[in-house]
Amino acid sequence: MPPSTRAESPWWVRAFGSEYLAVYGHRDDAEAARHLPFLVQALGLRPHARVLDVGCGEGRYARVLAAAGMRVTGFDYSEELLAEAYARSPALPGMPTFVRGDMRSLPFFAQFDAAVSLFSSFGYFDEPSDDAKVLEGIARALVPGGRLLVDVANGELLRRTLVSESEERRGDRLIRARRRFDDVTPGGPYVRKHVHVVDERTNATLHDVEERVRLYRADALDAALLGAGLVPTGPRHGDLDGSLFTPDSARLVRVAERPRGRRAS
């Protein structure tokens, strides 16, 4: 994408490039491996289950699930992160397939036993109706009885603990972040995070973007899932370690199922 076009693009186009991997480098395959047992249990996965990873990024969860015997398709919009996913994934039978596209228009129908949307990969778009399109597309992509696990930030905890400014160094990069709540813009509430990355050797700006994610309370997330034809099942969890959800949980993790005997619209 030409620089002029990229600069005018939505934040979720500009944010997920090569510098994203530097900013969020602490999220790696080892972390994904620690969470694998809970994902398998919560989704009821068996060997050779077909799994869709929506917003897969550089593919760390897709790789871990594939290594555990699942048939995995990673789906993402970022060409740069998908190129990294291919580069990091061994060219072996059983490794993930990666597909580029807009998650509001998932091109699948009744193909997957399970789907995941991890680390606040849900809530990017300007209109809540676009979030509904994502969930409806996942519902269509699942076979009857298939399950979705969606993982978002716990807004209740963020309200009490948000760090407004931070700064850290990783190699030659200085990463500054400013965070705030936005309860005014229609479609919210949102949490906004402005990330500025500078190469300290040259003082050149490598990355400058404001991320914005819609916050969902637990009952609102359940309502969104039900509206898409997905039935929440089991307890709410507060992290991918399987802990139960409380107001002090870092995350809000929900599992929902496409009912058997009902066609997704």
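Okay, so let's go over this structure.

Conventions adopted
- Residues numbered from 1 in each chain as written.
- Predicted model: local features only at pLDDT ≥ 70, side-chain atom pairs only at ≥ 80, totals over all residues.
- Heavy atoms only, no water.
- Helix = DSSP H or I, 4+ residues; strand = E, 2+ residues; numbered from the N terminus.
- Rg over C-alpha atoms; globule rule 2.2 N^0.38 Å.
- Buried < 20%, exposed > 50% of the residue type's maximum accessible area, 1.4 Å probe, protein only.
- Contact = heavy atoms within 4.5 Å.
- Pairing = 2+ DSSP bridges.
- Axes fitted to C-alpha atoms, helices over the stretch in contact; angles between N-to-C directions.
- Arc of directions from axis to C-beta.
- Phe/Tyr/Trp six-rings, centres within 6.5 Å; stacked < 30°, edge-to-face > 60°.
- Lys NZ or Arg CZ within 6 Å of the ring centre and 35° of its normal.

**Digging into the overall build of the chain**
Step number 1: Along the chain, the regular secondary structure elements total nine helices and 11 strands.
Step number 2: The globule rule puts the C-alpha radius of gyration for 265 residues at 18 Å, and the 18 Å found for the chain is close to it.
Step number 3: Its C-alpha atoms give the chain principal-axis dimensions of roughly 60 × 45 × 35 Å.
Step number 4: The buried share among the 265 residues of the chain stands at 50%.
Step number 5: Of the contacts made within the chain by residues no fewer than 6 positions apart, 65% connect residues no fewer than 24 positions apart.

**Re the sheet that holds strand 11 (residues 251–257)**
Step number 1: The mixed open sheet is built from seven strands, whose spatial order is 3-2-1-4-5-11-10. Single-partner strands in this sheet number two, and they are strand 3 (97–100) and strand 10 (231–232).
Step number 2: Note: strand 1 (residues 50–54) against strand 4 (residues 112–117), three bridges, orientation parallel. Paired with Val51 across the two strands is Ala114, which belongs to strand 4.
Step number 3: Strands strand 4, strand 5 (142–153) and strand 11 of the sheet are contacted by helix 4 (residues 29–43), whose axis makes an angle of about 140 degrees with strand 5.
Step number 4: Against the sheet, helix 9 (residues 218–227) contacts strand 5, strand 10 and strand 11, and its axis sits at roughly 25 degrees relative to strand 11.

**Considerations on helix 6 (residues 79–88)**
Step number 1: If you check which residues of helix 6 are buried, you get Leu81, Leu82 and Ala85. For helix 6, the angular spread of buried residues about the axis comes to 100 degrees, placing them on one side. Exposed positions of helix 6 whose direction lies more than 90 degrees from the buried face are Glu79 and Ala87.

**A closer look at the packing of aromatic side chains**
Step number 1: Counted under the stated rule, the structure contains 11 aromatic pairs.
Step number 2: A ring pair is formed by Trp12 and Tyr77, whose centres lie 5.4 Å apart and whose planes are at 80 degrees; its orientation type is edge-to-face. Within this pair, whereas Trp12 is found in helix 2 (residues 11–14), its partner Tyr77 is found in the loop between strand 2 (71–76) and helix 6, the two being separated by 65 residues in sequence.
Step number 3: What makes Tyr77 partly exposed here is its relative accessible area of 30%.
Step number 4: Ring centres of Tyr86 and Phe98 lie 5.3 Å apart, and the angle between their planes is 75 degrees; this geometry places the pair in the edge-to-face category. With a gap of 12 residues between them, Tyr86 in helix 6 and Phe98 in strand 3 connect regions that are remote in the sequence.
Step number 5: Connected via pairs of aromatic rings, a cluster forms that spans Trp11, Phe16, Tyr20 and Tyr124.
Step number 6: Above the plane of the ring of Phe125 lies Arg104, whose end atom (NZ or CZ) is 4.1 Å from the centre.
Step number 7: For Arg159, the ring lying beneath its charged end belongs to Phe181, and the centroid distance is 4.4 Å.

**Some remarks on the sheet that holds strand 8 (residues 190–199)**
Step number 1: Read from one edge to the other, the open sheet built from four strands follows the order 6-7-8-9, with strand pairing classed as antiparallel. Each of the sheet's edge strands pairs with one partner strand only, and the pair in question is strand 6 (165–170) and strand 9 (204–214). If you compare each strand with its neighbour and ignore which way they point, the axes differ by 15 degrees on average.
Step number 2: The pairing of strand 8 with strand 9 spans 10 bridges and is classified as antiparallel. By the bridge assignment, His196 is partnered in strand 9 with Asp208.

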